[in-house]
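Summary of structural features
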Amino acid sequence: MSETLVFDAMRHGVLTCQGETSLRTIARMMAEHRVHAIVVTDLDGVAELPWGIVSESDLLQAAGRDPDAETAGGLARTELLTVTAGETIQRAAQLMAEHEVTHVVVVGDGGRPLGVLSSLDVAGVMAG
Amino acid sequence: MRGGAQGTGTEVGRFDYGRVTVGDAMRDEVIYCAPDTSVQGVARIMAQDHIHCVLIGGVAGWSVVTDLDLLRAVDRDIDHLSAGEIAASDLPTVGVGEPLERARELMVEHKVTHVLVLDAESGRPVGVLSGLDIAAILA
């Protein structure tokens, strides 16, 4: 397991939405595709990074409010825990455990999101 | 929850979610393993069945091993550890007949995306509810 790279275990590609996408649409995307994070792509000038993430936890927090009024741009977090595709699974798993999260965004050289690594991807590697 | 129960009830009523119970939304299946199941064995169950928690059945009752427990075990000698030895998560529980909103509050409060669903009478686990199950209802 120590030599396996994030690239080999991650889910390649991310689902994206716009800043104006409603919480209800995000909920639909997560439920239909069984994904735990959606990348919000058009945060240029709004936030430090040009993109952000709405996670399952963000959705749960906001779900007590109006799902048609809440938008991805309002919910997106741009301070993110990320790993690079060339990192080892061991290191990524350590980071996830440290931060008590079960999903991290995998970024490429330019810092753009390439995919997501989940705890179940790590489990797949541990299973051998 | 901020705003108190009454405020939350009014708000959720607006999107017709207030009447949904945990039982309506949950995955009514629990996967068990024996306490001495290897860490690799638990990892295989989670990866293959796409589940984030596995119940550990024992004579004295049950406990739960989660994906986070697996992640915490990566630096340990996983070849010589069992499911029972790495299980450290205290997953919140909710009754099958309770409102879905109660489960959502628990998830937010405990910063988790899964809760274990118990039968009200027997106290036995009857299912697991995830954040994605709540997303499906919201959608």
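A few points on the structure. Computed from a predicted structure; not experimentally measured. (Residues numbered from 1 in each chain as written. Chains lettered and ligands numbered in written order. Predicted model: local features only at pLDDT ≥ 70, side-chain atom pairs only at ≥ 80, totals over all residues. Heavy atoms only, no water.)

**Topic: the interface of chain A and chain B**
The partner chain B presents 35 residues to the 35 residues of chain A that form the contact. Approximately 3100 Å² of surface area, both sides summed, lies buried where chain A meets chain B, with 67% of it carried by carbon and sulfur atoms. When residues of chain A are sorted by the area they lose upon contact with chain B, Leu60(A), Leu120(A) and Met126(A) head the list and together hold 23% of the total. Across the contact surface, chain A and chain B share one salt bridge. In this structure, the salt-bridge partner of Glu100(A) is Arg72(B), at a minimum N-O distance of 3.2 Å. Applying the counting rule to chain A against chain B returns eleven residue pairs in polar contact (both at pLDDT 80 or more). Sort the elements by how many residues they give to the side of chain A that touches chain B and helix 6 (residues 119–126) of chain A lands first, with six residues. In the side of chain A that touches chain B, the residues fall into 18 nonpolar, ten polar and seven charged. (Contact = heavy atoms within 4.5 Å. Buried area = accessible area lost by both parts, 1.4 Å probe. Salt bridge = Lys/Arg side-chain N within 4 Å of Asp/Glu carboxyl O. Polar contact = N/O pair within 3.5 Å; in protein donor to acceptor, adjacent residues only side chain to side chain. Helix = DSSP H or I, 4+ residues; strand = E, 2+ residues; numbered from the N terminus. Nonpolar A, V, L, I, M, F, W, Y, C, P; charged D, E, K, R; others polar.)

**Structural notes on the side chain of Ser118(A)**
Residue and element names in this part refer to chain A. Structurally, Ser118 can be placed in strand 7 (residues 113–118). Under the relative-accessibility criterion, Ser118 is labelled buried at 11%. Setting aside residues up to four positions removed in sequence, Ser118 forms contacts with Met96, Thr102 and His103. (Buried < 20%, exposed > 50% of the residue type's maximum accessible area, 1.4 Å probe, protein only.)

These figures capture arrangement, not role.
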